[in-house]
Amino acid sequence: MSRGKCCKGGEGLEIRFILIQNRAGKTRLAKWYMQFDDDEKQKLIEEVHAVVTVRDAKHTNFVEFRNFKIIYRRYAGLYFCICVDVNDNNLAYLEAIHNFVEVLNEYFHNVCELDLVFNFYKVYTVVDEMFLAGEIRETSQTKVLKQLLMLQSLE
Amino acid sequence: MPAVSKGDGMRGLAVFISDIRNCKSKEAEIKRINKELANIRSKFKGDKALDGYSKKKYVCKLLFIFLLGHDIDFGHMEAVNLLSSNKYTEKQIGYLFISVLVNSNSELIRLINNAIKNDLASRNPTFMCLALHCIANVGSREMGEAFAADIPRILVAGDSMDSVKQSAALCLLRLYKASPDLVPMGEWTARVVHLLNDQHMGVVTAAVSLITCLCKKNPDDFKTCISLAVSRLSRIVSSASTDLQDYTYYFVPAPWLSVKLLRLLQCYPPPEDAAVKGRLVECLETVLNKAQEPPKSKKVQHSNAKNAILFETISLIIHYDSEPNLLVRACNQLGQFLQHRETNLRYLALESMCTLASSEFSHEAVKTHIDTVINALKTERDVSVRQRAADLLYAMCDRSNAKQIVSEMLRYLETADYAIREEIVLKVAILAEKYAVDYSWYVDTILNLIRIAGDYVSEEVWYRVLQIVTNRDDVQGYAAKTVFEALQAPACHENMVKVGGYILGEFGNLIAGDPRSSPPVQFSLLHSKFHLCSVATRALLLSTYIKFINLFPETKATIQGVLRAGSQLRNADVELQQRAVEYLTLSSVASTDVLATVLEEMPPFPERESSILAKLKRKKGPGAGSALDDGRRDPSSNDINGGVEPTPSTVSTPSPSADLLGLRAAPPPAAPAAPSGAGNLLVDVFSDGPAPQPSLGPTPEEAFLSELEPPAPESPMALLADPAPVADPGPEDVGPPIPEADELLNKFVCKNNGVLFENQLLQIGVKSEFRQNLGRMYLFYGNKTSVQFQNFLPTVVHPGDLQTQLAVQTKRVAAQVDGGAQVQQVLNIECLRDFLTPPLLSVRFRYGGAPQSLTLKLPVTINKFFQPTEMAAQDFFQRWKQLSLPQQEAQKIFKANHPMDAEVTKAKLLGFGSALLDNVDPNPENFVGAGIIQTKALQVGCLLRLEPNAQAQMYRLTLRTSKEPVSRHLCELLAQQF
């Protein structure tokens, strides 16, 4: 059938960027999977903060954003946001966020915002273990944590 | 400070971060940073060689400073040095610095290639992964050039560790997306597909993404992945909630991998192999069944993971659009979610149902949820949910429920969020037009729109109502009366004044007999609004006044008085002044006859796509790309909505190509009377493009021209190409095809299966396949009633010469069709020579004693016998030139009727039967195809070229074949499809 849905998601399951921000708008992690220049990145960060923080708990965890959508979840004062194509699977990313947060929590033993500040260079390692090239790389918490502990033991 | 106490990091870094956090002001922070920068610079410049640890610490500090938003102009060399360290922690910081900063300094890349090469060759999996992650994060062309050839080897090497394979797969994906030409296809591709069988689920998870991407670009080369993906999926779906251990997430086995596999399958049509298909259908059913089982956990994570799979399953079912049973089950499942307490689920159900509404199999099932959806529109707290509800109402709208949906949307509009008002207005306007049975309802609806949300009624909307009223004389009197009443409201929107002014100026005479709306009353009513209006509206009203002088000579003196007033004749606005002067003079010097000619009623507008629809599409965003435009939310590409209903656009029928010229040639005779209305209306399709040209000079079409060859002079033939030659009347005993027959036929030009016809009694489904010059078609006749059809007799008729062109053998079917039953008829088709008209299918039967008969066009068009032909650019050009006689070419320029999506276009061209040739046209936006039409008597070679112009929302289609009628016919068939 020559329907529009034919080649769904021309770009596949692809993440455009991952942002962790606090309520005040301070960025705790920005991971980009698309080329943006620095000004554009700053603009995106501000826009995401503006659209996400005005929503309340009764709202969905999804919000249309430019030609993409943001899947986000709030943990205490931190917003974890993933930007994907509009026809990507919302719930899969929503749980990918949670899976990621559970790994952080385990890795940093009850993670809090400050852990992400002081160990920013480690957070990147966690991200790369779980997401790479805009795709989900590994979903098993056991496997990721095992690998992280192994790396931790290296000099 | 929890992190500091962890103590495994760099103490100096932690202290620095603490200092920054303790800064009370921005100035203090900058001061502290500058101090640190000076410190680091002196360390780097110092005579003493820094040890690895210090280097790592300082580079990490620099990185932190950069992430705070400050520029970093040194330290790159130190970071590069860290790459060659033997210690993981030092290497890691080096790679991180480069991945984060590379954007601002791409020269870095060249410096690090060597280090990456060493790490890739190191056989140390940790170092290999670091290097692979760096390539994947940077993903630049330079990196592709350096490493694209090595990575496939690492990916399929027998001794690579699992984690290395995972990273290599995604690294390759990134390089392939960035520069596909750099990744050599080869022996490894076959082995990549087999990673779907890998024991390590993480490897499968990464590999599926790579395979999906490769499939999209080369579907045929990777077909083998279908059965592998199905069996993998089947194993996951049927496993118990604990079987997969590490990969079970809140009792759901491998949710992300399942979703990825389901998306991979969406790159392909349903599996051809019956066993594979059976297994897949079983999986899909299992997922739907599991949705009904009680949850294994109350945690939202459990239900989210489960539903992620469910929604992806439904997407696949919709993508296949061939399993009515599954489609209806999907719809029922979504129906349950519509009332779920989780907002997320309600939102997703509305969104997903929107696509189900466009499937012929589930449209009716979706419609049963109308009340819930209307309720959602009224009560949802989240505007985005309400918006989805409005989208769904729009998608499920058809003639049966249009009045209800339009009235609900109008009611919603009164309280709707400002952000979505304009879109709702457009949608209401489109639905009202499309499903108008009586046009008084249409006029009422549009006037209500103006009354409720005047500010959001764009020009396109009120232009359109004027267009329709002008073109339909049965509604003009009603429109005049209604608009006259609307204008009596004490405060009415300026758009109402515009519409009122225009309509009364044209048709005020139709209500002038009533003393309550006599000419002087009409005039003073309009003129009472004059002073409150903008210049544009006042200009329009002046034109109405001059039209009044012609319609109602008794108002002449009053109106001349108004025109003569200083406030008009000496108006500061040039436009108003000019109109006042010219109209005043015209009314005094012209004789009644001349006046009557100049100010004659507007001629009907040439019909073309509703400008409102174009506007709605634009609103959805031109840059939205395939994702937004793939027809999901845009019911204009929706078969059900767009197909069967005759739209008012059929009131006048200039050919689509004449229409283009009409755009330019038609400042209508009474131009001054419709200054802002008609003029803009006629050109607004191009409003994103260059300004309209007053004459037949260079036109927006020029945008289509490219270097392939000098443009053929627009031969009269191409321009006059009319819709397909009228079908010869069939034998006496067969009625003429039903009015929608052509439209129904058009739906099947690019596809072979689907529902050909449906009314209250009967549904006719088609399944067909064609090879060379032969075809087989199955027709399924379904009795939708509970009463038996008698004397059921479907026959195929060959009008005119068709008998000698096409041989169709049919088998008889049983003369009785029980209520609710379906009978099947097989047709064997042989194409003897090229033909233009399709055979007719005549169906007769008795239903409850009453004879029924119906004639349709059988979806057999010449392109069904197309054999795709691959050829190189050089061959293509050579053949193209060989077919350069003017009569061998047919060309059409036409407006896009569907969102312009390259993927959809490709699919349609492939469905049409031609091969698609890449790298032939210098402009990558264009499509070039080739094929051979196979008939028993002869073969007709055929070349085609389709040039989309996204800006103007138009296409140019050129066909060249060795036979003139074939070129023209193919051109017409194909032009209908976009």
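That block above? That's the structure.
Residues numbered from 1 in each chain as written. Chains lettered and ligands numbered in written order. Predicted model: local features only at pLDDT ≥ 70, side-chain atom pairs only at ≥ 80, totals over all residues. Heavy atoms only, no water.

Quick notes on empty space enclosed by the protein
Argument step 1. This structure, assessed with the given rule, holds 15 cavities of 30 Å³ or more.
Argument step 2. Roughly 210 Å³ of volume is contained in the second largest cavity.
Argument step 3. Residue lining of the second largest cavity: 18 residues in total, with Thr125 and Asp128 of chain A together with Gln92, Leu130 and His133 of chain B positioned closest to the centre.
Argument step 4. Elements that contribute at least two residues to the lining of the second largest cavity include exactly helix 4 (120–130) and helix 5 (141–153) of chain A together with helix 6 (88–101) and helix 8 (125–138) of chain B.
Argument step 5. Looking at the lining of the second largest cavity, the element that brings in the most residues is helix 8 of chain B, giving six residues.
Argument step 6. Of the residues in the lining of the second largest cavity, the class split is eight nonpolar, seven polar and three charged. (1 Å grid on protein atoms, 1.4 Å probe; cavity = no way out; pocket = protein on both sides within 12 Å on 5 of 7 lines; lining within 4 Å. Points joined across faces, edges and corners; volume = space filled by probe spheres on them. Helix = DSSP H or I, 4+ residues; strand = E, 2+ residues; numbered from the N terminus. Nonpolar A, V, L, I, M, F, W, Y, C, P; charged D, E, K, R; others polar.)

A short note on helix 14 (residues 225–237) of chain B
All names here are of chain B.
Argument step 1. In this model helix 14 runs 18 Å from its N-terminal to its C-terminal C-alpha over 13 residues, within 8% of the 18 Å that 1.5 Å per residue would give.
Argument step 2. For helix 14, the buried fraction is high: 11 of the 13 residues fall into the buried class.
Argument step 3. Taken as a whole, helix 14 has its buried residues at Cys225, Ile226, Leu228, Ala229, Val230, Ser231, Arg232, Leu233, Ser234, Ile236 and Val237. (Expected span 1.5 Å × (residues − 1). Buried < 20%, exposed > 50% of the residue type's maximum accessible area, 1.4 Å probe, protein only.)

What about the packing of aromatic side chains?
All names here are of chain B.
Argument step 1. Counted according to the given criterion, the structure contains 36 aromatic pairs over all chains.
Argument step 2. Ring geometry for Tyr418 against Tyr456: centres 6.4 Å apart, planes inclined by 20°, an arrangement best described as stacked. Of this pair, Tyr418 sits in helix 24 (residues 418–434) while Tyr456 sits in the loop between helix 25 (439–453) and helix 26 (459–471), and the two are 38 residues apart along the sequence.
Argument step 3. Centroid distance Phe792 to Phe845: 5.7 Å. Interplanar angle 40°. Geometry classified as tilted. Of this pair, Phe792 sits in strand 6 (residues 789–797) while Phe845 sits in strand 9 (residues 840–847), and the two are 53 residues apart along the sequence. Grouping residues by exposure puts Phe792 and Phe845 together as buried.
Argument step 4. Chaining the aromatic ring pairs together yields one cluster made of Tyr781, Phe789, Phe792, Phe845 and Tyr847.
Argument step 5. Between the NZ or CZ atom of Lys427 and the centre of the ring of Tyr394, over which it lies, the distance is 5.3 Å.
Argument step 6. Here the basic side chain of Lys751 rests over the ring of Phe748, its NZ or CZ set 5.3 Å away from the ring centre. (Phe/Tyr/Trp six-rings, centres within 6.5 Å; stacked < 30°, edge-to-face > 60°. Lys NZ or Arg CZ within 6 Å of the ring centre and 35° of its normal.)

Looking at unusual backbone geometry
Residues and elements named next belong to chain B.
Argument step 1. Positive phi values are uncommon outside glycine, yet Arg123 reaches one of about 65°.
Argument step 2. Secondary-structure assignment places Arg123 in the loop between helix 7 (107–120) and helix 8.
Argument step 3. One non-glycine residue with positive phi stands out, namely Gln245, at about 45°.
Argument step 4. In this fold, Gln245 is placed in the loop between helix 14 and strand 1 (248–249).
Argument step 5. Exposure remark for Gln245: the relative accessible area of 61% places this residue in the exposed category.

Considerations on the interface of chain A and chain B
Argument step 1. Counting residues at the interface gives 74 residues for chain A and 98 residues for chain B.
Argument step 2. Across the chain A-chain B interface, the total number found is seven salt bridges.
Argument step 3. Here Glu64 of chain A ties to Arg388 of chain B by a salt bridge, and the two come within 2.8 Å at their closest N and O atoms.
Argument step 4. At the level of elements, strand 2 (27–32), helix 1 (38–53), strand 3 (62–65), helix 2 (90–107), helix 3 (113–118), helix 4, strand 7 (135–136) and helix 5 of chain A are the ones that each hand at least two residues to the side of chain A that touches chain B.
Argument step 5. Ranked by residue count, the leading element in the side of chain A that touches chain B is helix 2 of chain A, at nine residues.
Argument step 6. Classifying every residue of the side of chain A that touches chain B by side-chain character gives 26 nonpolar, 22 polar and 26 charged. (Contact = heavy atoms within 4.5 Å. Salt bridge = Lys/Arg side-chain N within 4 Å of Asp/Glu carboxyl O.)

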